[in-house]
Amino acid sequence: MSGMSGMGDEIHDLVHAFADGELEPAEAESFREHLGTCEQCQAELDDILQLQALSGRLASMDAKQASAPAPAPVEAARPVEAARPAEAAPSRAFRPAWSRRRRAGLSVLIGGALAAAFAFAVLRTPGPGSELPEALALAPTRSMEARLSYGGASSWRPYGVKRSGTERALEMVPLETQAKLEKKGDLHGLAATFMLRGEKEQASEYLGKLQSSPDVDSDRAVVALSKGALEEALVLLEDVLEKAPNHAPALWNRGLVLRELGLDLLAAESFGKVAALNEPGWSNEAREYKALLERQGQERHNRWKAVWDAGKLMAEQGTPLSDSQVRSAPPMARRYLYLAAWSAPNAERVRALLPVARALDAHYGGNVLESYLERTAKRDFSKRAPLAATFSQVLAGKVGATAGEAFVRQLQAAGEQDILLGALPLLNMLPARVGLYEATARAVGDPWFLMNAQLQRARAQMAASELGQVEATLRAAVPSCEQQKLDYRCAELELLLSELYTIEHRLSEARKHAHQGLAWAKQVNDAALEVRGLQNLGQISRFQKGFALTRAYLLESALREPGYCPTQIHVHETLATVRMFELRTADARAELEGMPRCGTEPTLFSAYVLAELARIDPKPGDVEKVLALLDKLRAAGTLRAGTKLMADHLEGRVRLLQDRPAGQRTLREVITASEKLPPDETAAQKARAASYSMLILDAGRNGEYGPALDLFSEEVHAPSPSRCTLGVELAFERLLVAARGAAGEVVGAYEANRRTLDFDVEKLVPEPVLAALRPCEQVQVFARYPLHGRAGLLPPSIAWSYRWGPEHKAPATAGQPRRLVISDVEAPASLGLPRLSPWVPTQEATSRTVLSGAQATPSRVLAEMVDADEIDVHAHGLVNLGLSDASLIVLSPQPDGQYALTAGEVRRQHLKRSPVVLLASCRAAQTVPYLHEPWSLPTSFLDAGARAVIASPTDIPDAEAGPFFEAVRARLRAGEPPAVAVRNERLAALARDPQSWVRTVVIFQ
């Protein structure tokens, strides 16, 4: 340090002189540099400045405040300079005895006076000459990698952190500065000070009080990033950049978020935009980040490409890979080793591959490949060589279907089974010949091909829409694959599992396996599998309405494969679909028109977007383009059973625009056909749901509210009520509300052009419809996405419930009903959840089973539910997309660590006694935004056989939840229907507290 080198421990003594402004300018600058890296001096300076701030605030109170007796602790907290004699010159060598040894006592003193100082700061009006500081940070280097937008903290400083791996150093913003900001009401500035101090929650609290703006939202994204909430941060930043494309902090922070997501090329692109703004300091640092990310990506690509090129040479000419090339991409090296062995014209070419085999055996373990080559070299090459030559032609794509069939027969006759394993996939004979492949793999005995046989079996099952068997095959194969460390095969298995679960809309599981597959792909440096994993994650995010993540994953995949036609088509189509969901029709059309004409045909995604454009923002020829594309897709013969129905649905959708009877007929045919397919054929269920939606909205558009109501009930296999029923369909820009009132009269309303996705659920049902329903004893509500499960659709004075599925009647009960109560759960400590109030039993004529403490595990609860007449759950509820798409109930952990009661597990049960279920848990009624069905804990209980479920989609207070649900249970036993019991108890609670949480309690039947 210039000017202070060699001072050793004495430099710490200058902190008081620095705080009092007594150092010469050069000395102050040198000490400021020291301060940036000395936590001890930072802490002491913070204490001194806090004392000065407290003293200054108290000394400057107005006359009325000054006349009040000051609290004793504040009187004792005199600033350091006031303790000196007035005539004494400042002494740098002086260091108070407490300055290092008694800082704990000082902290207590400060803590006792801090609240009073902030109270005075808030109460007082700003005095003359009060100004914001020019900068909030003291250190010459910044401790945050992210950029704050607040002016006092936005200037560039070099980024400097320790390499020790400890938490980042904190920047101690003086309390005096915070008091000034508080006095001025500068909440944004206060939030910035808390971020610099590492106090994320306080920063979030202050930012939450501010209106949205580009600067505020960018800083909110910084808080989210610091908490690891990457999707939340990305959504905020995307919105900022939509309004202000050159907002430098948002571009910078977006680059950081994308880098944390592993999307390096997209992150580099974002940093490149910062660099182009030519800001002092920031642009140079952005160039460094961009160059580093691009260099790392290019180096990985170069290693991969080098193995690719050398592998082709090995297959064609027998030139072996080097050991370093094998280590760069072991799976690719292994694949090319097999190709080289299958193409080798003689034993010498085979033996030349032994070094590669040994290097691969060292990676995978054992000597499988060396033994394979030794056996192969002993084959009779007078017979094998011609077959190897033909295989080289197959590899070059020069063997047609007829010649390929003859070649397969020759290989079988000659017993060259290893070459047969290579020929079958290259000749496109899989999955049709999967049985032959499996038998051949067993004969060869190589784990690489035995695992691939399982993979090919799963693909054949998926092509046949046997989704249950696909899952069983893959789940059985994964553990064996991991045990044998067959990295590439494990990645393929995980990614196929992810695709299966995406088809089935089991999205939390799909996300988990996509990440696992992507991790395997990165580990072995397989670029193609990495892109596949990114695209899987993009599709999963799209189904979860995480459109910012969808765009990020897909754009990264497009940057990684700029010249690969199928990737570019997939990205454009999916982004067009997302734009339609956002009602941005011009952008959706631009995505379709921007697709390259490169040989890969469009898919059903394009047909869907065009069909919606033909309805919302039509152009001449849109309908004809949809029908022509559907014909082409059908003729290609690649559509599975469910996707065929989706194609038929899209045809009905566009025909409805030109020929209503023809469109209705086609949609009806889709519904009929879908019910003949297994329920796990999710594409068929989506086609069914979408067809009902089109028919319902078409009826509403034509004022046919009665038929629309009949369609609502028909869809869920329920009888159509003759009175007191409501149907609501909100489909992007269209809204239909239809009802039968207390006297059976039909009323309704239809809105065709809502140009926003936002809505207030309490204002959707118009007054004329409410007036018809108010005299009803109770109202059955049929609602589809995105309304099912929402609280407040009807006023609290009306007894109403959401209807889902056929009716489940309670069986005749001999003796007392059996009540199951889950309470006093021991949640995993890692979740940090407080214990809930104990459940207090009441006198009741029931046979009661209480599961509490360590007994309240998921498996035990599920087992006890089967025979219960009443189920009451008093436990924490969570939303954790890593475990479940819907909300989950936190129970006591089992020996395997499982603690979550999820909707999927509940749905798989059969509740024999058709119980009424009370879920006294936070957010238990939260519904997943699936387009084709409502998916939540309540609907899963109904699917399992419950006749009613009562829950809330919001947080509920512990002290009030138990008494409320106990009172509802008492009313149910007294004979009141669930909707009536909740309404009556709700009104009683609202009479005491009009803003009570009980407004959010929802009934499902």
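Each chain carries its own residue numbering, running from 1 in the direction its sequence is written. With the structure being a predicted model, the display of local features is reserved for residues of pLDDT at least 70 and the display and counting of side-chain atom pairs for 80 or more, all residues being used for whole-chain, interface and lining totals. Note that the side-chain values use all heavy atoms of the structure and ignore hydrogens as well as water.

K.L.:
Where do I start with the pairing of strand S12 (residues 916-920) in this structure?
P.N.:
Within a regular strand, side chains alternate between the sheet's two faces. Burial classes follow relative accessibility: with a 1.4 Å probe on protein chains only, a residue under 20% of its type's maximum area counts as buried, one over 50% as exposed, and anything between as partly exposed. Going along the chain from the N terminus, every DSSP run of H or I of four or more residues is numbered as a helix, and every run of E of two or more is numbered as a strand. With five of its five residues buried, S12 lies for the most part within the structure. Burial of the side chains of S12 extends over both faces: Val 916, Leu 918 and Ala 920 are buried on one face and Val 917 and Leu 919 on the other. We call two strands paired when DSSP finds no fewer than two bridges between them. Where strand S8 (residues 870-874) lies against S12, five bridges are found, and the strand directions are parallel. By the bridge assignment for S12, Val 873 is matched with Leu 919. The pairing of S12 with strand S13 (residues 948-951) spans three bridges and is parallel. Opposite Val 917, over in S13, you have Val 949 as the bridge partner.

K.L.:
Please clarify how the packing of aromatic side chains should be interpreted in this entry.
P.N.:
Working definition: an aromatic ring pair is given by the centre-to-centre distance plus the angle between the planes. A pair of Phe, Tyr and Trp rings is counted when the ring centres sit within 6.5 Å of each other, with Trp represented by its six-membered ring. The angle between the planes then sorts it: under 30 degrees is stacked, over 60 is edge-to-face, the rest tilted. Under the defined criterion, the tally for this structure stands at 22 aromatic pairs. Arranged with centres 5.9 Å apart and planes meeting at 15°, the rings of Phe 547 and Phe 581 form a pair that is stacked. With Phe 547 in helix H30 (residues 547-560) and Phe 581 in helix H31 (residues 565-581), this pair connects stretches of sequence that are 34 residues apart. Across the pair, exposure class does not vary: Phe 547 and Phe 581 are buried alike. Measuring from ring centre to ring centre gives 6.1 Å for Phe 581 and Tyr 608, while their planes differ by 50°; the resulting arrangement is tilted. Here the residue Phe 581 occupies a position in helix H31, and Tyr 608 occupies one in helix H33 (residues 604-616), the gap between them amounting to 27 residues. Overall, Phe 581 belongs to the buried group, its relative accessible area being 8%. Taken together, Tyr 338, Trp 342, Tyr 372, Phe 391 and Phe 449 form an aromatic cluster joined through their ring pairs. Comment: the charge-over-ring label is applied if NZ (Lys) or CZ (Arg) is within 6 Å of the ring centre and within 35 degrees of the ring normal. Positioned over the ring face of Trp 282 is Arg 147, at 4.1 Å from the centre of the ring. The ring of Phe 543 is capped by Arg 542, whose NZ or CZ atom sits 4.4 Å from the centre of that ring.

K.L.:
Please explain unusual backbone geometry as it appears in this structure.
P.N.:
With glycine set apart, most residues show a phi of negative sign, and most peptide bonds adopt trans. Cis peptide bonds are those with omega within 30 degrees of zero, and the linkage from Leu 430 to Pro 431 qualifies with 10°. The phi dihedral of Asn 525 is positive, around 55°, even though this residue is not glycine. The topology assignment puts Asn 525 in the loop between helix H28 (507-523) and helix H29 (527-543). Residue Asn 525 is classed as buried on the basis of its relative accessible area of 7%. A positive phi angle, close to 60°, is found at Leu 583, a residue other than glycine. Within the fold, Leu 583 resides in the loop between H31 and helix H32 (585-593).

K.L.:
Looking at this model, I keep getting lost on the pattern of salt bridges. Mind explaining?
P.N.:
Working definition: two side chains of opposite charge can pair if their charged atoms are close together. Every case where a carboxyl oxygen of Asp or Glu lies within 4 Å of a side-chain nitrogen of Lys or Arg is listed as a salt bridge. Per the stated rule, a full pass over the model turns up 70 salt bridges. Residue Glu 582 pairs with Arg 579 through a salt bridge whose shortest N-O separation is 2.9 Å. Shared partners join several salt bridges into a network, and the residues in it are Arg 819, Glu 870, Asp 872, Glu 966, Arg 969 and Arg 973.

K.L.:
What exactly am I supposed to notice about the packing of helix H17 (residues 330-343) against helix H21 (residues 381-395) here?
P.N.:
A pair of packed helices is characterised by two quantities: the angle between their axes and the separation of those axes. For helices, the axis comes from a line fit to the C-alpha atoms of the stretch in contact; other axes are also lines fit to C-alpha atoms, and the angle between any two N-to-C directions lies between 0 and 180 degrees. At a minimum axis separation of 7 Å, H17 and H21 run at an interaxial angle of 130°. As far as their axial angle goes, H21 and H17 are oblique. Contact residues: H17 offers Leu 339, Ala 341, Trp 342 and Ser 343, while H21 offers Arg 384, Ala 388, Phe 391, Ser 392 and Leu 395. Each residue is assigned to one class: nonpolar for Ala, Val, Leu, Ile, Met, Phe, Trp, Tyr, Cys and Pro, charged for Asp, Glu, Lys and Arg, and polar for all the others, Gly among them. Classifying every residue of the contact of H17 with H21 gives six nonpolar, two polar and one charged. Here roughly perpendicular refers to angles of 65 to 115 degrees, roughly parallel to angles under 35, roughly antiparallel to angles over 145, and oblique to all remaining angles. Contacts are residue-level and defined by heavy atoms, with any inter-residue pair within 4.5 Å sufficient.

K.L.:
Would you mind showing me how to read the nonpolar core here?
P.N.:
Burial of nonpolar side chains together is a common tendency in soluble globular proteins. Of all hydrophobic cores here, the largest spans 135 residues; its most connected members are Leu 337, Leu 373 and Phe 407. If we ignore the near neighbours within four places in the chain, the residues touching Leu 373 are Leu 337, Ala 341, Val 350, Leu 353, Leu 354 and Ala 357. With 78 residues, the next largest nonpolar core counts Leu 667, Ala 791, Met 865 and Ala 946 among its residues. Here the nonpolar core consists of buried residues drawn from Ala, Val, Leu, Ile, Met, Phe, Trp, Tyr and Cys, with membership extended through side-chain atoms lying within 4.5 Å.

K.L.:
Quick question: what am I supposed to make of H30 here?
P.N.:
Quick reminder: α-helices carry 3.6 residues per turn. Residues three or four places apart thus point the same way. Helix span, as expected, comes to 1.5 Å for every residue beyond the first. A rise of 1.5 Å per residue sets the reference length of H30, with its 14 residues, at 20 Å; its end C-alpha atoms lie 20 Å apart and thus fit the reference within 8%. With 11 of its 14 residues buried, H30 lies for the most part within the structure. Buried-residue contacts for H30 involve helix H12 (230-243), helix H13 (248-260), helix H14 (264-275), H28, H29 and H31.

K.L.:
Just checking my understanding: could you explain the packing of helix H37 (residues 682-701) against helix H38 (residues 705-715) for this structure?
P.N.:
The N-to-C vectors of H37 and H38 enclose an angle of 165°; their axes lie 8 Å apart at closest approach. The orientation of H37 relative to H38 falls into the category roughly antiparallel. Helix-helix and strand crossings are classified by hand; for H37 and H38 the assignment is left-handed. Two secondary-structure elements touch here, H37 through Arg 688, Ala 689, Tyr 692, Leu 695, Ile 696, Ala 699 and Gly 700 and H38 through Tyr 705, Ala 708, Leu 711, Phe 712, Glu 714 and Glu 715. Along the lines of polarity and charge, the residues of the contact of H37 with H38 split into nine nonpolar, one polar and three charged. Two helices that cross are described as forming a left-handed crossing if the nearer one is turned anticlockwise from the farther one by less than a right angle, and a right-handed crossing if clockwise.

K.L.:
Mind showing me how you'd approach the sheet that holds strand S11 (residues 900-901) here?
P.N.:
Strand-to-strand pairing in sheets goes through backbone hydrogen bonds, with the strands running parallel or antiparallel. Taken together, three strands build an open sheet; the order of strands is S9-S10-S11 and the sheet is antiparallel. Each of the sheet's edge strands pairs with one partner strand only, and the pair in question is strand S9 (877-878) and S11.

K.L.:
Explain the state of the cysteines to me, please; I cannot follow it from the model alone.
P.N.:
When the sulfur atoms of two cysteines share a covalent bond, that bond is a disulfide. Disulfide: a pair of cysteine sulfur atoms within 2.5 Å of each other. Per the counting criterion, the structure on display carries three disulfides. Between Cys 481 and Cys 490 runs a disulfide, and the two sulfur atoms are separated by 2.2 Å. Of note, the bridge from Cys 481 to Cys 490 carries an S-S torsion of about -115° and is left-handed in sense. Residue classification places Cys 481 among the buried positions, given a relative accessible area of 0%. Given the relative accessible area of 3%, Cys 490 is considered buried. Between the sulfur of Cys 724 and that of Cys 776 lies a disulfide, 2.2 Å long from S to S.

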